[in-house]
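This is what each chain is made of:
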Amino acid sequence: MSQIFSDADIEEEQKHFSNVITTFQQYAQYSLAANNRRRKDIYTLPQGDKELLDDLGYRQKLQEVDRAILVNAEFFKLIVVNPEIFGHDLDCPEDADEDKACLGTLHDHSHGDVHAHSHSHLHHRHSHLHDNTNATPDLRIVSKQQRKYKPTDFDMDKLRSTLKQFVRDWSQEGKEERETCYTPMKDALVAHFSDKPSPDSRQNIRVLVPGAGLGRLAYDVANLGFACQGNEFSHYMLLASYLILNRTDAIGQYIIYPYVHSFSNLPDREAIGFEFLLGDFEEIYGAEYEEGDFEPQAGQWDAVLTCFFIDTAKNIINYLRIIHRILAPGGVWINIGPLLWHFENNATNDPSVELDLEEVKMLARKIGFVISDERTIDTTYTSNSQSMLGYVYKTAFWTATKA
């Protein structure tokens, strides 16, 4: 049956949405303060050390970082002021200091490149890209809560991850990483429906991309002619994807600096300065529907593409059951990704079922999948190609049909 959300659920969602908006708005203040810490550290050094750093142009580099942060802040401002998303204009909190709450005059406490494929997977859930006006947060509540909330390091880490996701999904810099993952998935999808050789012939083939992030894979699949739907829970990703998919008119329209927050493992200064239906997957696609309900999911999808997604499950058994249930007979599930279980050793007491790769494939077969085209694909994830440090995932790729 359809799910009914309580007033408490709605209030919690509004509060979370408010906190996300506040995080976007306070990015500059937070990040400039973190960069200013570096300046303060200079004053603790002996005079001779200060002079050596001046000879290296270190203070000038900090000024360049400030400017890059402000450029990012203006980009974030564009993301959170689209009234079409919310039904209202977003105003700065009435009682907040202009230099602390509004992006016009604002100042990341980054811990460097984190070894994790965030994809907004940091203890995250995923969300439907459908617009649902009934679930639009009350901006009066948002405004009141914005005055109280102070973004955490965890919030800012999600925001920085969103910037890096822009590189992976939508920049020339991220093309190699993007194509390493997305191209074999798209090739497998086209091969599975080889009887539909032209885009026009694929318009009735329904493809689901859960954990869609900033929407590039779903966008590419739609451009192949398939009827594609993206699913993403993170408000950070949803807000950002709205800008790139609906409010971007030209290549190179925006300049961002995704790697400006950490100085670790940089070969030179250029490496930090190069430019470049809301709901949980299980709630949306795993819910049981009564006859007459909108969009029953069982047997309705011809293909499901999971890219760096299945390890976001608390219970992988449920994920695979849902994928199997929503696929039409003979439908295809195409997967690529590691098994970095996101809720392993979590601090929130969430349950977590962690299987190795062979166990995941055995489970898939028991649930009713026939796996083929298994291979390992080496790839990075939101990696800075100019960094001295890099992580390569040996991802598992397969094509599986519903028996």
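The coordinates are above.
Novice: Explain the packing of helix α8 (residues 153–170) against helix α9 (residues 175–192) here, please?
Specialist: Geometry of a packed helix pair, given as the angle between the helix axes and the separation of the axes. Their axes nearest at 7 Å, the elements α8 and α9 cross at an angle of 65°. By the angle between their axes, α8 is roughly perpendicular relative to α9. Contacts between α8 and α9 involve Val167, Arg168, Asp169 and Trp170 from the first element and Glu177, Arg178, Cys181 and Tyr182 from the second. Taken together, the residues of the contact of α8 with α9 break down into four nonpolar, no polar and four charged.

Novice: Before we go on, may I ask you to explain the packing of aromatic side chains in this structure?
Specialist: Aromatic ring pairs are reported here in terms of the distance separating the ring centres and the angle at which the planes meet. Using the criterion set out here, one finds 13 aromatic pairs in the structure. With 5.6 Å between their ring centres and 90° between their planes, Phe308 and Tyr393 make a pair best called edge-to-face. Here Tyr393 lies in strand β6 (residues 393–402) and Phe308 lies in the loop between β3 (301–307) and α14 (316–326), a separation of 85 residues in the sequence. Per residue, the accessibility class of Phe308 equals that of Tyr393, and both read buried. Among the aromatic residues, those joined into a ring-pair cluster are Phe24, Tyr27, Phe75, Phe76, Phe166, Tyr236 and Tyr254. The residue whose ring lies beneath Lys314 is Phe343, and the NZ or CZ to ring-centre distance is 5.2 Å.

Novice: Would you mind going over unusual backbone geometry with me for this structure?
Specialist: Note: most residues except glycine have negative phi, and most peptide bonds are trans. Positive phi, close to 50°, is recorded for Asp373, a residue that is not glycine. Topologically, Asp373 is positioned in strand β5 (residues 369–379). The phi angle at Thr382 is positive, at roughly 45°, despite the residue not being glycine. Tracing the backbone through its elements, the reader meets Thr382 in the loop between β5 and β6.

Novice: Looking at this model, I keep getting lost on the pairing of strand β1 (residues 206–210). Mind explaining?
Specialist: Sheet faces and side chains relate simply in a regular strand, where the side chains alternate between the two faces. Counting buried residues in β1 gives four out of five residues, a clear majority hidden from the surface. The β-α-β motif built from β1, the intervening helix α10 (residues 216–223) and the parallel element strand β2 (residues 227–231) has right-handed crossover chirality. In this sheet, β3 lies alongside β1 in parallel orientation, the contact comprising two bridges. When the sheet's bridge partners are listed, Val207 is paired in β3 with Ala303.

Novice: Just to check I follow, could you spell out a negative patch on the surface for this structure?
Specialist: Where like charges cluster on the molecular surface, the negative patch consists of Asp7, Asp9, Glu11 and Glu12. Glu12 sits in the exposed class, given a relative accessible area of 54%.

Novice: Can you walk me through the pattern of salt bridges in this structure?
Specialist: Two side chains of opposite charge can pair, provided their charged atoms sit close to one another. Summed over the entire model, instances satisfying the criterion amount to 13 salt bridges. Linking Glu374 and Lys361 is a salt bridge whose minimum nitrogen-to-oxygen distance equals 2.6 Å. Separated by 13 residues along the polypeptide, Glu374 in strand β5 and Lys361 in helix α15 (residues 357–367) bring together distant segments of the chain. A salt bridge links Asp378 to Lys394; the nearest nitrogen and oxygen atoms lie 3.6 Å apart. Linking Asp378 in strand β5 with Lys394 in strand β6, this pair joins segments that are 16 residues apart in sequence. When salt bridges that share partners are traced, they join Glu358, Lys361, Arg365 and Glu374 into one network.

Novice: It is not clear to me how the state of the cysteines should be interpreted in this structure. Could you clarify?
Specialist: The term disulfide refers to a covalent linkage connecting the sulfur atoms of a pair of cysteines. Applying the stated criterion across every chain, the model contains zero disulfides. The cysteine Cys307 is free of any disulfide, with Cys181 supplying the nearest cysteine sulfur at 4.7 Å. On the basis of relative accessible area, Cys307 is assigned to the buried category, the value being 5%.

Reading the values: the criteria
- Residues numbered from 1 in each chain as written.
- Predicted model: local features only at pLDDT ≥ 70, side-chain atom pairs only at ≥ 80, totals over all residues.
- Heavy atoms only, no water.
- Axes fitted to C-alpha atoms, helices over the stretch in contact; angles between N-to-C directions.
- Helix = DSSP H or I, 4+ residues; strand = E, 2+ residues; numbered from the N terminus.
- Parallel < 35°, antiparallel > 145°, perpendicular 65-115°, else oblique.
- Contact = heavy atoms within 4.5 Å.
- Nonpolar A, V, L, I, M, F, W, Y, C, P; charged D, E, K, R; others polar.
- Phe/Tyr/Trp six-rings, centres within 6.5 Å; stacked < 30°, edge-to-face > 60°.
- Buried < 20%, exposed > 50% of the residue type's maximum accessible area, 1.4 Å probe, protein only.
- Lys NZ or Arg CZ within 6 Å of the ring centre and 35° of its normal.
- Right-handed = clockwise from strand over helix to strand, strands pointing away.
- Pairing = 2+ DSSP bridges.
- Patch = residues over 30% accessible without salt bridge, like charges linked within 9 Å, V, L, I, M, F, W, Y side chains within 5 Å.
- Areas by Shrake-Rupley, 256 points an atom, 1.4 Å probe, with all protein chains shown as cover.
- Salt bridge = Lys/Arg side-chain N within 4 Å of Asp/Glu carboxyl O.
- Lys, Arg positive; Asp, Glu negative; His and termini not counted.
- Charge placed at Lys NZ, Arg CZ, Asp CG, Glu CD.
- Disulfide = S-S within 2.5 Å.

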